[in-house]
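A closer look at the structure
Residue strings, one per chain:
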Amino acid sequence: MRTVMLASAVFVLSAMLAGCTNPAEGPGFDSNQPDRLVSGAQVTIAEVTFDECAWNLARLYAAQAMYYGSHNCYAPDIESLYQLLGDTLTCPWTREWYEVAFCGPDSFWIPCPNYPLHPGAGPGYYPPMKDLYTCRSQMRSIASSEAMFYGRFNRYGTMQEMLDAGLGPYMTCPGCGYDYIIELGYQTYTLNCPMPQHPSHGSVVDGMFSWE
Ligand SMILES: [Zn+2]
Ligand SMILES: [Zn+2]
């Protein structure tokens, strides 16, 4: 059952990524090996799901902090954390529950379940999400600058035009330090995180956020 779900998820995703021209189940495709690189144009499924897994881990990390606040120790079992969150989380790639792999008086470790290329979370090692949060909130504010620019000029603007119009500040992606990429169409815009390698932090198309 799991294999079937995975295979169809992979198919749908890669069909989306490849513009429906590149079915995943080509020669050599083995749905029992999720770490096989199933590629769209440039993006692999594993990379697409990395951020989402890190996001889950960030929530579990926060739940551990809450648990520690009220119990003065970390939760040794994942159920307590799921209870705190009011939600159960599974890795978007393996579709398995997370587990508290290690729990000591002042430490814990929660890895991605069964997929070593995904991150883990524990004190001193926050999942690599800080950049992602920052980048997305920056993209939010650039998107609202676009809305304001549109209000004034009846079209969207380039980053430089927005800066010239006083709609700043100048921001770069915290993950890579590069400028954001804005593509203007007729009455449309696309804002992309410039991270040269996937996963990037997402994109905004006409005010719609890729991560929502
Ligand atoms: Zn994972
Ligand atoms: Zn970014």
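What you see is a predicted model; the values in this text were computed from it and never measured.

A separate point is the overall build of the protein. Helix and strand counts for the protein come out as 5 helices and 7 strands. Seen in sequence order, the protein has helices and strands lined up from the N terminus as α-α-α-β-β-β-α-α-β-β-β-β. Out of the 212 residues in the protein, the part that is buried amounts to 24%. In the protein, 45% of the contacts between residues at least 6 apart in sequence involve partners at least 24 apart.

Quick look at the sheet that holds strand 7 (residues 208–209) now. One open sheet accounts for 4 strands, arranged 4-5-6-7; its pairing is antiparallel. In the strand order of this sheet, the two ends are held by strand 4 (181–185) and strand 7, each with one partner. Strand direction decides the pairing type here: strand 5 (residues 188–192) and strand 6 (residues 203–205), joined by 3 bridges, are antiparallel. Among the inter-strand pairings, Leu 191 is bridged to a residue of strand 6, identified as Val 204.

Looking now at the pairing of strand 4. Summarising the sheet, strand 4 and strand 5 pair through 5 bridges and their orientation is antiparallel. Each residue of the ladder has a partner; that of Ile 182, found in strand 5, is Leu 191. Between strand 4 and strand 5, which pair antiparallel and follow one another directly, the connecting turn spans 2 residues, one of which, Gln 187, has a positive phi of 60 degrees.

In this structure, Val 204 sits in strand 6. You can call Val 204 buried: it has 23 C-beta atoms within 10 Å. When the C-alpha atoms of Val 204 and Arg 136 are compared, they prove to be 9.4 Å apart, with 68 residues separating the residues in sequence. Setting aside its immediate chain neighbours within four residues, Val 204 contacts Met 139, Ala 143, Leu 191 and Phe 209.

Take the confidence of the model for the protein next. Per-chain confidence: the protein averages 78 in pLDDT, with 73% of residues scoring 70 or above. Within the model, the stretch residues 1–43 combines pLDDT values under 50 with 45 contacts to residues more than four positions away or in other chains.

Turning next to the sheet that holds strand 1 (residues 102–104). The strand order across the open sheet formed by 3 strands is 1-2-3, and the pairing between neighbours is antiparallel. The open sheet is flanked by strand 1 and strand 3 (120–121), the only strands paired with a single partner. Direction of pairing for strand 2 (residues 107–111) relative to strand 3: antiparallel, over a ladder of 2 bridges. The residue bridging Pro 111 from the neighbouring strand is Gly 120, located in strand 3.

With that out of the way, let us pick up the pairing of strand 2. By the bridge criterion, 3 bridges tie strand 1 to strand 2 in an arrangement that is antiparallel. Among the inter-strand pairings, Phe 102 is bridged to a residue of strand 2, identified as Trp 109. Linking strand 1 to strand 2, which pair antiparallel, is a turn of 2 residues.

Bringing the environment of Gly 185 into the picture now. Assignment of secondary structure puts Gly 185 in strand 4. Gly 185 gets classed as exposed once you count the C-beta atoms within 10 Å, which come to 10. As for Gly 185 and Arg 155, which are separated by 30 residues in sequence, their C-alpha atoms are 9.5 Å apart.

Cut-offs used in this document
- Residues numbered from 1 in each chain as written.
- Chains lettered and ligands numbered in written order.
- Predicted model: local features only at pLDDT ≥ 70, side-chain atom pairs only at ≥ 80, totals over all residues.
- Helix = DSSP H or I, 4+ residues; strand = E, 2+ residues; numbered from the N terminus.
- Buried ≥ 20, exposed ≤ 12 C-beta atoms within 10 Å, placed from the backbone.
- Contact = placed C-beta atoms within 7 Å.
- Pairing = 2+ DSSP bridges.
- pLDDT = per-residue confidence, 0-100.

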